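Results of the structural survey
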Amino acid sequence: LANVNYMHWGEEHLSGHHETVATPNDPATSRLNESLYRFLPRTLIYSWFSARDLENKRLKNEGKSRFSLHNRMFWNAVI
């Protein structure tokens, strides 16, 4: 997924999508009658934000700063 800059997929899909599947809070679920051209930008953008928020929550629960080298989103961006 690095070649398409979608490294955040793992965090968002397993921790976010599986928890919120088919709800309005799930950026990876299309809306009823939503076209691909409307869905694709929304899912690409909001999945990244969801992954970032999930990672910040994980780091906070572990007592680590979101600016630490333990941040997976940081390493996803470096790759």
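Report on the accompanying structure. Just so it is clear, the model here is predicted, and its values are computed rather than measured. (Residues numbered from 1 in each chain as written. Predicted model: local features only at pLDDT ≥ 70, side-chain atom pairs only at ≥ 80, totals over all residues. Heavy atoms only, no water.)

Our next topic: the overall build of the protein. Tallying secondary structure elements over the protein gives 3 helices and 0 strands in all. Element order for the protein, N to C, with α for helix and β for strand: α-α-α. Every one of the 79 residues in the protein was classed for burial, and the buried ones make up 32%. Counting contacts in the protein only where the partners sit at least 6 residues apart, residues at least 24 apart contribute 35% of the total. For the protein, the exposed surface amounts to about 5,900 Å²; the carbon and sulfur share of it is 59%. (Helix = DSSP H or I, 4+ residues; strand = E, 2+ residues; numbered from the N terminus. Buried < 20%, exposed > 50% of the residue type's maximum accessible area, 1.4 Å probe, protein only. Contact = heavy atoms within 4.5 Å. Areas by Shrake-Rupley, 256 points an atom, 1.4 Å probe, with all protein chains shown as cover.)

In the structure shown here, the tally under the stated rule is 3 aromatic pairs. Their ring planes at 80 degrees and their centres at 5.4 Å tell us that W48 and F49 sit as a pair that is edge-to-face. Owing to a relative accessible area of 34%, F49 belongs among the partly exposed residues under this scheme. Here the aromatic rings of F74 and W75 are separated by 4.9 Å at their centres, their planes lie at 75 degrees, and the arrangement is edge-to-face. F74 sits in the partly exposed class, given a relative accessible area of 38%. Members of the aromatic cluster, each reached through a chain of ring pairs, are Y46, W48 and F49. (Phe/Tyr/Trp six-rings, centres within 6.5 Å; stacked < 30°, edge-to-face > 60°.)

Right, let's talk about unusual backbone geometry for a bit. What is expected of a backbone is that most residues other than glycine have negative phi and most peptide bonds are trans. Phi is positive for N33, which is not a glycine, with a value near 65 degrees. Along the polypeptide, N33 turns up in the loop between α1 (9-20) and α2 (36-61). For N33, a relative accessible area of 77% gives the class exposed.

Time to look at the pattern of salt bridges. Under the defined criterion, the tally for this structure stands at 5 salt bridges. One salt bridge in this structure joins D53 and R52, with 3.0 Å as the shortest N-O distance. Look at R52 and you get partly exposed, because its relative accessible area is 31%. Within this structure, E55, R58, E62 and K64 form a network of salt bridges that share partners. (Salt bridge = Lys/Arg side-chain N within 4 Å of Asp/Glu carboxyl O.)

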